[in-house]
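# Tertiary structure, described
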There are 2 protein chains.
Amino acid sequence: MEYRKLKDQDEDGNSAADDIENLRGKPLSVAASLGGGAVDRTKWKRKSMVTLALTVLTSSQAILIVWSKRAGKYEYSVTTANFSVEALKCALSLVALARIWNNEGVTEDNRLSTTMDEVIVYPIPAALYLVKNLLQYYIFAYVDAPGYQILKNLNIISTGVLYRIILKRKLSEIQWAAFIILCAGCTTAQLNPSSDHVLQTPLQGWVMAIVMALLSGFAGVYTEAIIKRRPSRNINVQNFWLYVFGMVFNAAAIVIQDFDAVVNKGFFHGYSFITVLMILNHALSGIAVSMVMKYADNIVKVYSTSVAMLLTAVVSVFLFGFHLSLAFFLGSTVVSVSVYLHSIGKVR
Amino acid sequence: MEYRKLKDQDEDGNSAADDIENLRGKPLSVAASLGGGAVDRTKWKRKSMVTLALTVLTSSQAILIVWSKRAGKYEYSVTTANFSVEALKCALSLVALARIWNNEGVTEDNRLSTTMDEVIVYPIPAALYLVKNLLQYYIFAYVDAPGYQILKNLNIISTGVLYRIILKRKLSEIQWAAFIILCAGCTTAQLNPSSDHVLQTPLQGWVMAIVMALLSGFAGVYTEAIIKRRPSRNINVQNFWLYVFGMVFNAAAIVIQDFDAVVNKGFFHGYSFITVLMILNHALSGIAVSMVMKYADNIVKVYSTSVAMLLTAVVSVFLFGFHLSLAFFLGSTVVSVSVYLHSIGKVR
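Residues numbered from 1 in each chain as written. Chains lettered and ligands numbered in written order. Predicted model: local features only at pLDDT ≥ 70, side-chain atom pairs only at ≥ 80, totals over all residues. Heavy atoms only, no water.

Right, let's talk about the overall build of chain A for a bit. Summing up its helical and strand segments, chain A has 15 helices and zero strands in all. Per-residue burial over chain A gives 48% buried out of 348 residues. Surface exposure of chain A reaches about 17700 Å², of which carbon and sulfur atoms provide 66%. (Helix = DSSP H or I, 4+ residues; strand = E, 2+ residues; numbered from the N terminus. Buried < 20%, exposed > 50% of the residue type's maximum accessible area, 1.4 Å probe, protein only. Areas by Shrake-Rupley, 256 points an atom, 1.4 Å probe, with all protein chains shown as cover.)

Now the structure itself:
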C-alpha cells in the first residue's frame, strides 16, 4: 500500500536527512536565527493564524450554502464548480510561488519540477475523496439527508484513530477523552426532533457510513503525511501538485456526469454572484486546510471545523433568524470543554 | 450563619484533636493496625461499597416510581409516606446502634446522648429541603414537569460550586471540566422533542430554579459538613439525629397538607405492596446518601445519582419496553467520559 511506502521512507530517514541538508545550504530565516523561544512563538503564531482562517472560512462556507439555498435551487453543474475550485486553488498557488521566486529565487524547495518518487503519492487523496463521493450516492438508499449529517460525525473518530495508527502521533488520555466528547458534542448540537430516525439505519447503512468515515479520515491523514514528509518543501508547490490531480479527477467527473449540460449550455451556465463567492470561499478554505496540515495537524483541523459548525449556527441566528435548540447549547458546552481539555491535555 | 460556626470549629482543630484522643483510648481496628496501605484499601473498599449501594438503590427507586405510576395514580398521602421513610431510617439507625452497643459497648462516639452544640446544626438540612419542596409548588406556574426535570440538572453545578466554596475542597481543572460536561451529559440524556420549551421559561422561573438548585446543593454540602465535622462519631448516631428532625418536619407537613385525610381515612390509607417497597427503598437510599457523605463526598454522590439515571433508562428498556433516543446515547457517552476524567483528574 502507498502509505506504507511513505512511512518506510520516513523511517529510514532519507527525506529528513535531505531536509537538514537543504537547511544547511540556504540562509536561515530571521525567526530561526533568534533562537528556540522566538521560533516557537513564530510557529505558534502561524499555527493559530491558519487555524483561525480555516475556522472563519469554514463557517462562512456553511452560511453561503444556506444563502444560496434560499436564493433558489442550484442552477449550475456542481461538477464544474468543483473543477473551478481546484483550478482556482492551482492558480492561487502559482501566484504565491511566482512572488516567492521573485523574492527568494528558485531553490530546491520551491521549484515546481518534481520527481516521480515525490509526485506519485499526490493523486491518492483526490482518488479517495472520489470514491467517498461515489459512495455518497448509494448511502442515501439507507439514510436520509439529516441522518447522514449525524453519521458524518463518525469522521471525527475515524480521523483520530487513523491519525494515531498511520501517523503514529500520540494523543494523551485526556486528549482522547476530549476527542470522544467532541464527537458526541458536535452530534448533540445537530440534534433535531427527527434525528432518532438514524437509529433505525439498517446494517448496510452503518457499514457504508463507517467506510465513508474511514475513507475521509484516511484521505485527511494521508494528505498530512504527504505534506509533512518533506517539511522544508514549499507548501505552495505541494498544494500545486495536490490540486493538479484534483483538477484531473474533477474533469473526469464532469465528463461522466455533466458532459451534455456543459456542451449544450456552456461550462459556466447558471453561475451567479453567489456561486462565484462560494467557489472563492471553497478555494480559500481548501488552501487553509493544506496550511493547517502543514503547520498543525488533522486534530487541529477537526477542532477548527467543529468550532466553525457552532459559529455558523450562532451567526445564522442573526442572519436568517434561526432558533437555537437546547441540544445546541448542550452540544456547544461539551465542544467548548473538549477544546479546553485538548489544550491542557498535551503530551509532555 | 450556621455553617460559618461549624467551619470555625473545624479550623481551630478542637474536634480533630478530640478524635485523635478517642482513637488512642480505644482498641484499634484490624485494618488500622495493618499500616497505611491496608487502611487506604479498606477506606477505598468502603467508599466503593456505599457508592455502589447508592447507585443501585437510586436507579431502582426510579424504576419503582415508573412501576407505581403504571399501577395507577397515588392513592396514599405523599406526606405520610415521607414521614414513614424518616421513621424507618430512624429505626434502622437504632437497630444498627443496638448491635454496635452489644459488640463494642457504649463509647463517647456511639452513645446517642448529645450536646446542644452538636445537635443544633442537625435541623438545618431538613429545613432547607422543606423550603425547597415548598418552592416546588410555585415553580410549576412557570415551568412544566419535563422542563423542571431538565432544570433540576442545575443541582449538579450548584453542588460543585458550593462544595468548593463552603467545604473549601479543591477540584482539579480536569475535574471541573468533567463536572460541567456531567451536567451537560445528564441533560442531553434526558432530552425529548418537547425539551426546547424550557428555553421559553420566564425570568422568574429561572430565578426559582437557580434558588432551588442552590438550596438543594446547600443542603447536601451542609449535611456533609455536619457528618464530617466529627469523623470518629458513629454514622448511625449522626443519622439518628438527622432523621429525628426529618420526622419532625415531615410531621408538620402532614398536619398542614393532609390532616383531614389522615384523620378520616387513617395514616396508612391507600398503601399498597409497591408503596411499602418504595418506602423501604427510599429509606435505604437515604442511609446510603449519608454513608456516601461520611466516607466519600457530595461529588461522588452526584456522580452516583447521575450514573443511576442512565442505568434506570437502560433497565427500563427491558422492563417496560422503553426506547432509547440518540440523545440518550450521546448523553451517556459524555457522562461516561466525565466519570473517567474525574477519576484521572485527581488533585495530587
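Quick look at the relation of the copies chain B and chain A now. Once turned by 180° and shifted 0.0 Å along the axis, chain B lies on chain A with an RMSD of 0.0 Å. What we have between these two chains is a two-fold relation. Scanning chain B for the C-alpha nearest the rotation axis identifies B:Pro193, at a separation of 2.6 Å. Interface residue correspondence from chain B to chain A reaches 100%, placing this contact among same-surface, isologous pairings. (Least-squares fit on C-alpha atoms with pLDDT ≥ 70 in both. Contact = heavy atoms within 4.5 Å.)

Before going further, it helps to spend a moment on helix H10 (residues 173–189) of chain A. Counted at 1.5 Å a residue, the expected span for H10(A) with its 17 residues is 24 Å, and the 24 Å between its end C-alpha atoms agrees. Among the 17 residues that make up H10(A), 14 are buried, leaving the element largely enclosed by the rest of the structure. (Expected span 1.5 Å × (residues − 1).)

A few words on the packing of helix H7 (residues 123–139) of chain A against helix H11 (residues 203–229) of chain A. Residue and element names in this part refer to chain A. Between H7 and H11, whose axes approach to 9 Å, the crossing angle comes to 165°. As judged from the angle between their axes, H7 and H11 are roughly antiparallel. Every pair of crossing elements has a handedness; the one defined by H7 and H11 is left-handed. (Axes fitted to C-alpha atoms, helices over the stretch in contact; angles between N-to-C directions. Parallel < 35°, antiparallel > 145°, perpendicular 65-115°, else oblique. Left-handed = near helix turned anticlockwise from the far one by under 90°.)

Let us look at the pattern of salt bridges. Applying the stated rule across the entire model yields 16 salt bridges over all chains. B:Arg169 is the partner of B:Glu224 in a salt bridge, and the nearest nitrogen-oxygen pair spans 2.9 Å. On the criterion of sequence distance, the pair formed by B:Glu224 in helix H11 (residues 203–229) and B:Arg169 in the loop between helix H9 (154–166) and helix H10 (173–189) is long-range, its members being 55 residues apart. A residue is classified by how much of its surface remains accessible, and B:Glu224, at 0% relative accessible area, is buried. Taking the shortest distance from any N to any O, the salt bridge between B:Glu224 and B:Lys228 comes out at 2.7 Å. Of the two residues, B:Glu224 and B:Lys228 are both situated in helix H11; the distance of four residues between them amounts to about one turn of the helix. Residue B:Lys228 is classed as partly exposed on the basis of its relative accessible area, which comes to 25%. Each of the salt bridges in this network shares a partner with another, and the network as a whole consists of A:Asp109, A:Glu118, A:Arg230 and A:Arg233. (Salt bridge = Lys/Arg side-chain N within 4 Å of Asp/Glu carboxyl O.)

Before going further, it helps to examine the environment of B:Pro123. Residue and element names in this part refer to chain B. With respect to the helices and strands, the residue Pro123 is situated in helix H7 (residues 123–139). Using a relative accessible area of 19% as the deciding quantity, one classes Pro123 as buried. Separated by 126 residues in sequence, Pro123 and Phe249 place their C-alpha atoms 8.7 Å apart. Those residues within four positions of Pro123 in sequence are excluded, and the remaining contacts are Phe245 and Phe249.

Before going further, it helps to examine the interface of chain B and chain A. On the chain A side, the residues contacting the 26 residues of chain B number 26 residues. Contact with chain A buries surface across chain B, with B:Leu199, B:Leu326 and B:Leu330 losing the most and accounting together for 23% of the total. Taken together, the links from chain B to chain A amount to zero salt bridges. Where chain B packs against chain A, one counts two residue pairs in polar contact (both at pLDDT 80 or more). When contributions to the side of chain B that touches chain A are tallied by element, the ones reaching two or more residues are H10 and helix H15 (326–344) of chain B. Looking at the side of chain B that touches chain A element by element, the count peaks at ten residues for H15(B). (Buried area = accessible area lost by both parts, 1.4 Å probe. Polar contact = N/O pair within 3.5 Å; in protein donor to acceptor, adjacent residues only side chain to side chain.)

On inspection of all chains with the given rule, the structure shows 22 aromatic pairs over all chains. Relative to A:Phe329, the ring of A:Phe328 has its centre 6.2 Å away and its plane inclined at 70°; by these criteria the two rings are edge-to-face. Take A:Phe328: its relative accessible area is 6%, and that puts it in the buried class. Assessed through its relative accessible area of 39%, A:Phe329 is described here as partly exposed. With centroids separated by 5.8 Å and ring planes inclined at 35°, the aromatic side chains of B:Phe218 and B:Tyr222 adopt a geometry described as tilted. (Phe/Tyr/Trp six-rings, centres within 6.5 Å; stacked < 30°, edge-to-face > 60°.)

Attention now goes to the nonpolar core. Residues A:Leu341 and B:Leu341 are the most contacted members of the largest nonpolar core, which totals 142 residues. Beyond its immediate sequence surroundings of up to four residues, B:Leu341 is in contact with A:Ile174, A:Ala177, A:Leu341, B:Ile174, B:Ala178 and B:Ile181. (Core = buried A, V, L, I, M, F, W, Y, C linked by side-chain atoms within 4.5 Å.)

We now examine a nonpolar patch on the surface. All names here are of chain B. Where nonpolar side chains cluster on the molecular surface, the patch consists of Leu203, Trp206, Val207, Ile210, Val211 and Leu214 and spans about 520 Å² of accessible area. Within the fold, Ile210 resides in helix H11. The exposure class of Ile210 is partly exposed, given its relative accessible area of 43%. (Patch = residues over 30% accessible without salt bridge, like charges linked within 9 Å, V, L, I, M, F, W, Y side chains within 5 Å.)

Moving on to the UniProt feature "transmembrane region" (unreviewed entry) in chain A. All names here are of chain A. The feature "transmembrane region" (unreviewed entry), as given by UniProt, occupies residues 174–191, 203–227, 239–256, 268–290, 302–320 and 326–345 in the numbering adopted here. Across residues 203–227, the secondary structure splits into 100% helix and 0% strand, with the terminal C-alpha atoms separated by 36 Å. Secondary structure across residues 302–320 comprises 100% helix and 0% strand; the distance between its end C-alpha atoms is 26 Å. (UniProt positions renumbered as here; feature names shortened; annotations may be inferred.)

What follows concerns the state of the cysteines. One pass over the structure, following the stated rule, counts zero disulfides over all chains. Take A:Cys183: it sits in no disulfide, and the sulfur closest to it among the cysteines is that of A:Cys186, at 7.3 Å. (Disulfide = S-S within 2.5 Å.)

Time to look at the side chain of B:Ser332. Mapped onto the elements of the fold, B:Ser332 is located in helix H15. On the basis of relative accessible area, B:Ser332 is assigned to the buried category, the value being 13%.

Secondary-structure assignment places B:Phe218 in helix H11. Remark: the alpha-carbon pair of B:Phe218 and B:Leu128, spanning 90 residues in sequence, is separated by 8.0 Å.

Positive phi, close to 55°, is recorded for A:Lys168, a residue that is not glycine. Note on placement: A:Lys168 falls in the loop between helix H9 (154–166) and H10.

Counting through the fold element by element, B:Ser158 comes out in helix H9. At 3.0 Å, the side chain of B:Ser158 forms a polar contact with the backbone oxygen of B:Asn155.

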